[in-house]
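What the coordinates show
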Amino acid sequence: MLIKKRTGIEIPSSEITPKSVYLSRRQFMRGAALSTAAVAAGGLLAACGASETEPTEAVSTNIATGSSAEESFIQEAMPGPVSTTTDELGDPLNSFEEITNYNNYYEFTTDKERVATLAKDFPTAPWQVEVGGLVNKPKTFGLEDLLAFEQEERIYRLRCVEAWSMVIPWVGFPLSKLLNEVEPTSAAKYVRFETIEDRENMPGLSRGLFPWPYVEGLRLDEAMNDLAILSTGLYGEPLLPQSGAPIRLVVPWKYGFKSIKSIVKIDLVDTMPQSLWMRAAPNEYGFFATVNPNVDHPRWSQATERRIGEFGRRETLMFNGYADQVAHLYDDPNYDTTQSS
Ligand SMILES: Nc1nc2c(c(=O)[nH]1)N[C@H]1C(S)=C(S)[C@@H](COP(=O)(O)O)O[C@H]1N2
Ligand SMILES: [Mo]
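Residues numbered from 1 in each chain as written. Chains lettered and ligands numbered in written order. Predicted model: local features only at pLDDT ≥ 70, side-chain atom pairs only at ≥ 80, totals over all residues. Heavy atoms only, no water.

1. Some thoughts on the environment of Pro273
Rule in force here: A helix here means a DSSP run of H or I that spans at least four residues, while a strand means a run of E at least two residues long, and both kinds are numbered starting from the N terminus. Only protein chains enter the accessibility calculation, which uses a 1.4 Å probe; a residue whose area is less than 20% of its type maximum is buried, one above 50% is exposed, and one in between is partly exposed. Any two residues whose heavy atoms approach within 4.5 Å are treated as being in contact.
Assignment of secondary structure puts Pro273 in the loop between strand 10 (263-269) and helix 9 (276-280). Pro273 gets classed as buried once you look at its relative accessible area, which sits at 6%. Sequence separation between Pro273 and Tyr190 is 83 residues, and the spatial gap between their C-alpha atoms is 7.3 Å. Residue contacts for Pro273: discarding those within four places in its chain leaves Tyr190, Val191, Arg192, Gly217, Met278 and Phe287.

2. Describing unusual backbone geometry
Along the chain, Trp212 connects to Pro213 via a cis peptide bond; the corresponding omega equals 0°. Positionally, Pro213 belongs in the loop between strand 5 (190-195) and strand 6 (215-219). Residue Ala245 is joined to Pro246 through a cis peptide bond whose omega torsion reads 0°. Turning to its location among the elements, Pro246 is positioned in the loop between strand 8 (237-238) and strand 9 (248-250).

3. With respect to the side chain of Asn225
One can find Asn225 in the loop between helix 8 (220-224) and strand 7 (229-234). Note on Asn225: relative accessible area 11%, which makes it buried. Sequence-distant contacts of Asn225, defined by excluding residues within four places in its chain, comprise Trp253, Gln325, Val326, His328 and Leu329.

4. Section: the side chain of Arg219
For Arg219, the position within the fold is in strand 6. Arg219 sits in the buried class, given a relative accessible area of 14%. If we ignore the near neighbours within four places in the chain, the residues touching Arg219 are Lys189, Tyr190, Phe287, Phe288, Leu329 and Tyr330.

5. Here we look at the sheet that holds strand 6
The pairing of strands in a sheet happens through backbone hydrogen bonds and is either parallel or antiparallel. Quick note on the threshold: Strands were regarded as paired on the criterion that DSSP finds at least two bridges between them. Under this scheme, a helix contributes an axis fitted over its contacting stretch, all axes are lines through C-alpha atoms, and angles between N-to-C directions fall in the 0 to 180 degree range.
One open sheet accounts for 5 strands, arranged 2-1-10-5-6; its pairing is mixed. Bordering the open sheet on either side are strand 2 (139-142) and strand 6, each of which pairs with just one other strand. In this sheet, adjacent strand axes meet at a mean angle of 15° when their direction is disregarded. Bridge count for strand 5 against strand 10 is 6 bridges, and the pairing is antiparallel. Following the sheet pairing, Glu194 is matched in strand 10 by Lys265. With respect to the sheet, helix 7 (residues 175-182) is in contact with strand 1 (128-133), strand 2, strand 5, strand 6 and strand 10, its orientation differing from that of strand 2 by roughly 140°.

6. Here we look at the pattern of salt bridges
It is possible for side chains bearing opposite charge to pair when their charged atoms get close. Threshold: For this document, the term salt bridge refers to a Lys or Arg side-chain nitrogen within 4 Å of an Asp or Glu carboxyl oxygen.
Within the structure shown, the criterion is met by 22 salt bridges. Glu152 is the partner of Arg154 in a salt bridge, and the nearest nitrogen-oxygen pair spans 3.0 Å. We classify Arg154 as buried; its relative accessible area is 10%. Glu152 sits in the buried class, given a relative accessible area of 6%.

Put into structure tokens, the structure is as follows:
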């Protein structure tokens, strides 16, 4: 059974920003920014590694139309239009157009502005997520099982290690709910996530630059924290392929690369998983990767960030502004802050 839920305060529908408005709100800002900004070309390990690029001119927005049975089924589970225009700090939401046309998804390309186009026809249904390892009740979840978890709106800042950020109104459900259903055993200490490796439909895989599949991990207590969600949508719409459809992780107090897309496998394990980024560049990308303005990436400062759609830079917040909810997870003296980058 699908339950619609809107977290936070209900506001009159007259005050809800129509999609046409939030799609265009920042258009003039972007136009102005582009006239002065040089578009830098990134290097090989760029996305989580090199110079920043500026967002490009608006690419045509690609909103799912919900024509097939599967699409309308997903649509049905969505909690509806966003309930607010800012996050809890008063920062405005990024537009749907910004969020879905500036993406890191290396399985398609390292060019953020081409992911949307290359991922357009990526097949996201049918889909299964196999959950196993150190659990009492291993289970393979179909999309309908995942959508049966109560879908909530969660407005989070997303901070990429490349020092750009966005505010995104996700739709999803706490990862803890899925984990509780499979019952981790007392031996389980970490959660390991794996992205689909679809050679036919992901052109970036054949370029062989990385040790695919994309793998990420969390310590079990991090995974059980209420902020960690599995996302199925954004702006009240089902996720588009470039955002990690049909299901991706979102851990807002960590650098964006931890928020793994298009998940097909989740395993409870007893040793720290080696992520794709740890294997590709161990000196640059640690396991914990908590947002920390005081720990610089080896090649650039993390003290400030560029909010997509804004001029100038913002101060980066400790734990991306979520210290009250997550700082206690890192009191353990074994937590190695040098792994924060
Ligand atoms: N499978 C997979 N997941 C991924 C990535 C990727 O290349 N492949 N990129 C990561 C990085 S570096 C970031 S910043 C975020 C970007 O999410 P977004 O494109 O939805 O903003 O996705 C993360 N998840
Ligand atoms: Mo990133």
